[in-house]
Amino acid sequence: MTVVDSLLAFVVAATLLTLTPGLDTALVLRTATAEGGKKAFHAALGINAGCFIWGAMVAFGLGTLIAVSEMAFNILKWCGALYLFWLGSQMILRPKQTLAGETSSSVKASNWFIKGMLGNVLNPKMGVFYVSFLPQFIPQGHSPILWTFSLVTIHVLLGTLWSLSLIYATRPLSHILRRESVVKWMNRATGGIFLFFAFKLVLSRR
């Protein structure tokens, strides 16, 4: 496989992966609706940071541990499931009902960045996926470390474009989506999605 072939094949595969509805999409949509575009973008940046963390672990061999060690996989799996369960429960039991009183403080901005990052880093399936997925697109004779980070960068750029599309898609309907009843429903619906992914993660295997 040539360099061009590898890049084109990866772009197609990564685009399909990015567009597949999942936890990241739910988090960005919910945050854009209930918190605004700026905080949704912070969450997207956190998700991207999680991708780079997994990319670094794969590039330097640490990701293989998650793929081959059942204990390491299970520890990370349960940590991720508990985190998603806690986050989902908070959204269901204590849903945000209004944007009143919201500020753009760096503390709250960093909170959404951290939530996005943790949701990605604490998902062992992401690590296993990167370990099994990325090497297939590294041309023979090229640096695995350089190519791993290059492929992750492409994945992150695609993810950023998708997140921005989701954020801007909510703007025309912002006057409807930010009504108290809609915000409350959106939080509870997203919380239910998070609980679903927590349950799915508990049942997952390497």
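You'll find the chain entered in an unreviewed UniProt entry as Lysine transporter LysE, with Xenorhabdus hominickii given as the organism. Quoted verbatim from the Subcellular location (unreviewed entry) field of UniProt, the annotation for the chain is "Cell membrane".

When helices and strands are counted, the chain shows ten helices and zero strands. Reading the helices (α) and strands (β) of the chain from amino to carboxyl end gives α-α-α-α-α-α-α-α-α-α. Considering the chain as a whole, with its 206 residues, one finds that 44% of them fall into the buried category. Taking contacts inside the chain between residues at least 6 apart in sequence as the whole, the part at least 24 apart equals 85%. Of the accessible surface of the chain, which amounts to about 10,800 Å², a share of 70% is contributed by carbon and sulfur atoms.

Within the fold, Gly 88 resides in helix H5 (residues 70-93). Owing to a relative accessible area of 0%, Gly 88 belongs among the buried residues under this scheme. Counting along the chain gives 103 residues from Gly 88 to Gly 191, while the straight-line C-alpha distance between them is 3.8 Å. Once you skip the residues sitting within four places of it in the chain, Gly 88 turns out to touch Gly 191, Phe 194 and Leu 195.

Along the polypeptide, Ser 89 turns up in helix H5. Residue Ser 89 is classed as buried on the basis of its relative accessible area, which comes to 16%.

What follows is about the nonpolar core. Judged by nonpolar contacts, the single largest core of 38 residues is most densely connected at Phe 10, Val 28, Tyr 130, Leu 134, Leu 151 and Phe 194. Secondary-structure elements contributing two or more residues to this core are helix H1 (3-19), helix H2 (23-34), helix H3 (37-59), H5, helix H7 (124-133), helix H8 (144-170) and helix H10 (180-203). Beyond its immediate chain neighbours, meaning those up to four positions away, Leu 151 contacts Phe 10, Leu 134, Phe 137 and Ile 138.

Attention now moves to the packing of H1 against H8. As a packed pair, H1 and H8 sit with axes 10 Å apart at the nearest point and diverge in direction by 40°. By the criterion of interaxial angle, the relationship of H1 to H8 is oblique. The crossing of H1 and H8 is right-handed. Touching Val 3, Ser 6, Leu 7, Phe 10, Val 11, Ala 14, Thr 15, Leu 17, Thr 18 and Leu 19 of H1 are Trp 147, Leu 151, Ile 154, His 155, Leu 158, Gly 159 and Trp 162, all from H8. The residue makeup of the contact of H1 with H8, split by class, is twelve nonpolar, five polar and no charged.

Let's shift gears to the UniProt feature "transmembrane region" (unreviewed entry) in the chain. Sequence positions flagged by UniProt for "transmembrane region" (unreviewed entry) are, in local numbering, residues 46-68, 75-93, 113-133, 145-165 and 185-203. Between the C-alpha atoms that bound residues 75-93 the distance is 27 Å, and the span itself is 100% helix and 0% strand. The annotated region residues 145-165 carries 100% helix and 0% strand content, and the separation between its end C-alpha atoms amounts to 30 Å.

On to the packing of aromatic side chains, then. Scanning the model with the defined rule gives two aromatic pairs in all. Aromatic side chains Phe 10 and Phe 137 sit 5.4 Å apart centroid to centroid with 70° between the ring planes, which places their arrangement in the edge-to-face category. Here Phe 137 lies in the loop between H7 and H8 and Phe 10 lies in helix H1, a separation of 127 residues in the sequence. Taking relative accessible area as the criterion, Phe 10 reaches 1% and is therefore assigned buried. Assessed through its relative accessible area of 9%, Phe 137 is described here as buried. For Lys 115, the ring lying beneath its charged end belongs to Trp 112, and the centroid distance is 4.2 Å.

Here we take up a nonpolar patch on the surface. On the surface, Phe 41, Leu 45, Phe 113 and Ile 114 cluster together into a nonpolar patch covering about 280 Å² of accessible area. Every element with two or more residues in the nonpolar patch is listed here: H3 and helix H6 (106-121). Relative to the assigned elements, Leu 45 resides in helix H3.

Reading guide: rules and limits
- Residues numbered from 1 in each chain as written.
- Predicted model: local features only at pLDDT ≥ 70, side-chain atom pairs only at ≥ 80, totals over all residues.
- Heavy atoms only, no water.
- UniProt positions renumbered as here; feature names shortened; annotations may be inferred.
- Helix = DSSP H or I, 4+ residues; strand = E, 2+ residues; numbered from the N terminus.
- Buried < 20%, exposed > 50% of the residue type's maximum accessible area, 1.4 Å probe, protein only.
- Contact = heavy atoms within 4.5 Å.
- Areas by Shrake-Rupley, 256 points an atom, 1.4 Å probe, with all protein chains shown as cover.
- Core = buried A, V, L, I, M, F, W, Y, C linked by side-chain atoms within 4.5 Å.
- Axes fitted to C-alpha atoms, helices over the stretch in contact; angles between N-to-C directions.
- Parallel < 35°, antiparallel > 145°, perpendicular 65-115°, else oblique.
- Left-handed = near helix turned anticlockwise from the far one by under 90°.
- Nonpolar A, V, L, I, M, F, W, Y, C, P; charged D, E, K, R; others polar.
- Phe/Tyr/Trp six-rings, centres within 6.5 Å; stacked < 30°, edge-to-face > 60°.
- Lys NZ or Arg CZ within 6 Å of the ring centre and 35° of its normal.
- Patch = residues over 30% accessible without salt bridge, like charges linked within 9 Å, V, L, I, M, F, W, Y side chains within 5 Å.
- Salt bridge = Lys/Arg side-chain N within 4 Å of Asp/Glu carboxyl O.

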